[in-house]
Amino acid sequence: MVLLLKRSISNNMPVKKLVPLLSALVTAVILPLIFQNPYYIQIGIMIGVNAILAMGLVMLLSTGLVTLGSAAYWAVGAYASTLLVMKMGLNFWLALLVSGFIAGIIGLGVGAVIIRLSKVAFTFVTIIIGIIITLVVGRVDFFGGWGGIVSIPKPDPIPLPFSITIDFTKRISYYYLMLFLLLLTILVSFALYKSRIGRTWKAIKLNLQLAETLGINSYLYALLAFVISAVFAGLAGSFYAHTFKTIEPETFGFWRSIYIQVYAILGGVDFYISGPIVGSIILTVLPELFRMAKEIEPIITAIILLIIVIFLPGGLLSLPEVIRNSRGLGAKENLLPALFRRNKISRSKN
Amino acid sequence: MTGALFVQLVVNGLAIGLIYVMVASGLVLVLGIARVFNFAHGQFYMLGAYATYFLITLFEMNVLPALMIALAIGVFLGGVSYRAVFHYMRGDLLRCGAASIAISMILQQLVSIVLKPTSYGVNIAIFSQIIEIGGVTLLVGRLILIFLCLIVMSGLYYLLKCTKTGKAMRAISLDSTVASLLGINTVKIYWITLALGSGLAAIAGGAIAPLFVINSDMGSNVILIVFMVMVVGGIESLSGAVVAGILIGFLQSFGYHFLTGYAELFMFCFVAVLLIFKPRGIFGTFVKEVY
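Our subject in this report is the structure included herewith. Model, not experiment: these values are computed from the prediction.

Moving on, we get to a nonpolar patch on the surface. All names here are of chain A. Together, Val 26, Val 29, Ile 30, Leu 31, Ile 34, Phe 35, Tyr 39 and Tyr 40 line one region of the surface with nonpolar side chains, adding up to about 730 Å² of accessible area. Elements supplying a minimum of two residues to the nonpolar patch: helix H2 (15–34) and helix H3 (38–61). Tallying contributions element by element places H2 first for the nonpolar patch, with five residues.

Further remarks concern the interface of chain B and chain A. How big an interface is tends to be expressed through the accessible area that disappears when the partners come together. Facing the 44 residues of chain B at the interface are 43 residues of chain A. With both chains or domains summed, chain B and chain A bury close to 4,200 Å², and 79% of this area falls on carbon and sulfur atoms. The tally of links from chain B across to chain A stands at zero salt bridges. At the junction of chain B and chain A, the tally comes to one residue pair in polar contact (both at pLDDT 80 or more).

This part covers a positive patch on the surface. Residues and elements named next belong to chain A. Taken together, the side chains of Lys 194, Arg 196, Arg 199 and Lys 202 make up a positively charged region of the molecular surface. Broken down by element, the positive patch gets its largest block of residues, three residues, from helix H8 (residues 196–206). Residue position: Arg 199 is located in helix H8. For Arg 199, a relative accessible area of 52% corresponds to the exposed category.

At a minimum axis separation of 10 Å, helix H6 (residues 119–139) of chain A and helix H11 (residues 263–277) of chain B run at an interaxial angle of 140 degrees. Of the possible angle classes, the one that applies to H6(A) and H11(B) is oblique. Where H6(A) crosses over H11(B), the handedness of that crossing is left-handed. Residues A:Val125, A:Ile128, A:Ile131, A:Ile132, A:Leu135 and A:Val136 of H6(A) touch H11(B), and the partners they reach there are B:Glu264, B:Leu265, B:Phe268, B:Cys269, B:Ala272 and B:Leu275.

Let us look at H3(A). All names here are of chain A. In this model H3 runs 34 Å from its N-terminal to its C-terminal C-alpha over 24 residues, within 8% of the 34 Å that 1.5 Å per residue would give. Of all 24 residues in H3, 20 are buried, a share of seventy percent or more. Measuring from the side-chain oxygen of the N-cap residue of H3 to the backbone nitrogen of Tyr 39 gives 3.0 Å; that N-cap residue is Asn 37.

One finds A:Ile247, B:Phe37, B:Phe39, B:Tyr45 and B:Met230 to be the most contacted residues of the largest nonpolar core, which totals 202 residues. Top contributing element to this core by residue count: helix H10 (residues 218–244) of chain A, with 15 residues. Contacts of B:Tyr45, omitting those with residues within four sequence positions, involve B:Ile19, B:Val23, B:Ala201, B:Ala202, B:Ala204, B:Gly205, B:Ile208, B:Met218, B:Gly219 and B:Val222.

Here is what the cut-offs are and how they apply
Residues numbered from 1 in each chain as written. Chains lettered and ligands numbered in written order. Predicted model: local features only at pLDDT ≥ 70, side-chain atom pairs only at ≥ 80, totals over all residues. Heavy atoms only, no water. Patch = residues over 30% accessible without salt bridge, like charges linked within 9 Å, V, L, I, M, F, W, Y side chains within 5 Å. Areas by Shrake-Rupley, 256 points an atom, 1.4 Å probe, with all protein chains shown as cover. Salt bridge = Lys/Arg side-chain N within 4 Å of Asp/Glu carboxyl O. Helix = DSSP H or I, 4+ residues; strand = E, 2+ residues; numbered from the N terminus. Contact = heavy atoms within 4.5 Å. Buried area = accessible area lost by both parts, 1.4 Å probe. Polar contact = N/O pair within 3.5 Å; in protein donor to acceptor, adjacent residues only side chain to side chain. Lys, Arg positive; Asp, Glu negative; His and termini not counted. Charge placed at Lys NZ, Arg CZ, Asp CG, Glu CD. Buried < 20%, exposed > 50% of the residue type's maximum accessible area, 1.4 Å probe, protein only. Axes fitted to C-alpha atoms, helices over the stretch in contact; angles between N-to-C directions. Parallel < 35°, antiparallel > 145°, perpendicular 65-115°, else oblique. Left-handed = near helix turned anticlockwise from the far one by under 90°. Expected span 1.5 Å × (residues − 1). Core = buried A, V, L, I, M, F, W, Y, C linked by side-chain atoms within 4.5 Å.

Here it is, written out as structure tokens:
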């Protein structure tokens, strides 16, 4: 943990960058203490789970591979943890680790086969595998069938010194567990992106042929990204199962994977850490606001996504950069033409 | 298994498979020529089916003019979606995927709000008739469907091989830069391709409207199978899409008869195993990379 921290906050990282990060963390810690309503805390937990899943997806995207089946490993983690705890009586904390491990192993097996496909075929096959996993889970009675599994036990209490225990009776303790997992994900991602591995991923995305000419085994690096994102999803799945107490195959279906992808795109794909968080905050809170009109919620989500994709190709977080660029180009240009100009540039590129 | 049953299953498989072939070949064109990853393709299929259904039931049209209008709707939607959205992100897998998913969500949700999530089915006398050929009972509608699909596919073949537009399309699919240097109006061809591909999806949807039950989920269901067809056949290979579409149709028709509930699972696993041995699909090439 300390090593991760050291690696992720290296010496050349300016203080200017550190301040917003720390303030965001402090806000995330304090916010549930102010809003004690369990409904809000529930939304907070969901934001965290979505952000972890989207971060895994972005990690794979940073190698240039688009996956539309990330919910599959989420399902693997959730079911593995549930079955380990309920049928084998394992401790939750051990099950959390083991389910992350199992998701990683399955990701390794699947990835070893499908990364060899061409990029479009890879995307298609991830969809197919997502469907296979929901079908297997739904069909086989051992996994609870289409009805799913209910009344999953809560995490085991953590004994602390001075006879205090965190026993997971309140919603808020789940929130802090989520925050811990999210932080772990962020730190691991930070460390990876800053290291040689992250730079290699970037190189593969920029120019696969050139990277391979320079002696990079792109297959192994892409596989590594695939496995790590599967592990993230597995951990999130285990946490999800024990927090929400019920799991059913429909939760992990195709549309879930689509939504995970949308979180990443909305925030901005090039913002590895902040993009997924911003995206998942917006798209988790927004549906809750439109809870009265559940039917039109997907339409509003879709329209927002469409606007972002057409006018802000870099995602919501690239807005400051677009504004800055528009200022640099001359005094007359304002924001709107700059947005259109960006599209024109990308048009001529193809 | 008797011979009659076998023939029946083959005809059923062919009917389903040719529908997949039509939808998949539209998507192959869109992906191979215009470089657009179009998720909303399945929704065009659904809208084609709904259009045909309402034209037949409400306006009491014949099947053929109804199909023509469905085709026109598909062509129109494809062209509009290209000009409005895909034009700005051609060639970008992720952005095209996101935008087309958004379009697909809007269309599906609008349809299910307007029409409520109920299923519809039409009854046309000639389609539900049964004929007997040599002891085999067959539904006439299925045979008409097969016939129609064959006509549409041969029309597509003619368009691609024997017309100037088709030649331009093939040139662009090889190298769009060189094609535009040689004076081909690439943007126009992209536009036409999107319109043509979506029209194929819509007419396929229209063709199944008199035979099967239609609902607002059918678009997103068919698109997944079409993806599978494309992966099995080799992305952007039209002949691959034809072979794989019919193969998947047979797998479904035989699978539902012999395995019932596990048919889907079996089909998906079959495809997964096939991909282990043939990662680029049946007709895929190792030379060219789309993206």
